Amino acid sequence: MLGLFRSSRLLAASLPDSWLMTIDSGMIEQALAREDRASAALLMRRHIERPLRGQQTWPDRVGGFRRGWEDASGSDQPPQHGTGALGWLARVHDLPGPATFREPRPESTPSPGP
């Protein structure tokens with residue numbers, strides 16, 4: 001698993017779905033620092049479009065991103081963490097915006113036994 005972190009492109013394409021929730025602004029910034037906008041955009045898309053778990057809702061997930069996106073037009077300081085920070089980075093670096101994301105499927109859970 002650690003080998004994936006050597007390359008933004010490899011990380012973006014191969015990070016297992018169970019790890020997508022760990023993507024943060026630092027990973028996106030690392031891809032951008034390597035001048036790999038395509039990998040930054042893919043990391044962001046995979047994080048935002050990952051399956052919804054438990055009580056998570058699409059409006060909550062994309063809403064935080066949208067707030068960061070909107071705040072970027074009037075602030076040179078990103079939110080400290082969360083999807084708001086990703087939205088800010090997306091707007092500042094011309095990465096995919098909130099309207100481009102597709103609502104993910106709920107995470108499948110095994111059905112209870114008989």
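The paragraphs below set out a description of the structure included in this document.

By the definition in use, this model includes two aromatic pairs. Arranged with centres 5.1 Å apart and planes meeting at 85°, the rings of F65 and F101 form a pair that is edge-to-face. Of this pair, F65 sits in helix α4 (residues 58-71) while F101 sits in the segment after α5 (82-92), and the two are 36 residues apart along the sequence. The pair formed by F65 and F101 is uniform in burial state, with each residue classed as buried.

Mapping T57 onto the fold places it in the loop between α3 (37-48) and α4. Along the primary structure T57 and P104 are separated by 47 residues, whereas in three dimensions their C-alpha atoms are 9.6 Å apart.

What helix α2 (residues 25-33) keeps buried is the set S25, M27, I28, A31 and L32. Down the axis of α2, the smallest arc covering the buried residues is 165°, so these residues share one side. With its phi angle positive at about 55°, E35 sits one or two positions after the end of α2.

On to the nonpolar core, then. Ranked by size, the top nonpolar core spans 26 residues in total, and within it I23, I28, M44, F65 and L95 carry the most contacts. Elements with a contribution of two residues or more to this core: α1 (8-14), α2, α3, α4 and α5. Counting residues per element, this core draws most heavily on α3, at five residues.

Scanning the entire structure with this criterion turns up four salt bridges. Here D36 makes a salt bridge to R9, at a shortest N to O gap of 3.6 Å. With D36 in the loop between α2 and α3 and R9 in helix α1, this pair connects stretches of sequence that are 27 residues apart. For R9, a relative accessible area of 56% puts it in the exposed group. Of the charged contacts in the structure, one is a salt bridge between E49 and R45, with a shortest N-O distance of 3.0 Å. Residues joined in a network through salt bridges with shared partners are R45, E49 and R102.

Conventions and cut-offs
- Residues numbered from 1 in each chain as written.
- Predicted model: local features only at pLDDT ≥ 70, side-chain atom pairs only at ≥ 80, totals over all residues.
- Heavy atoms only, no water.
- Phe/Tyr/Trp six-rings, centres within 6.5 Å; stacked < 30°, edge-to-face > 60°.
- Helix = DSSP H or I, 4+ residues; strand = E, 2+ residues; numbered from the N terminus.
- Buried < 20%, exposed > 50% of the residue type's maximum accessible area, 1.4 Å probe, protein only.
- Arc of directions from axis to C-beta.
- Core = buried A, V, L, I, M, F, W, Y, C linked by side-chain atoms within 4.5 Å.
- Salt bridge = Lys/Arg side-chain N within 4 Å of Asp/Glu carboxyl O.

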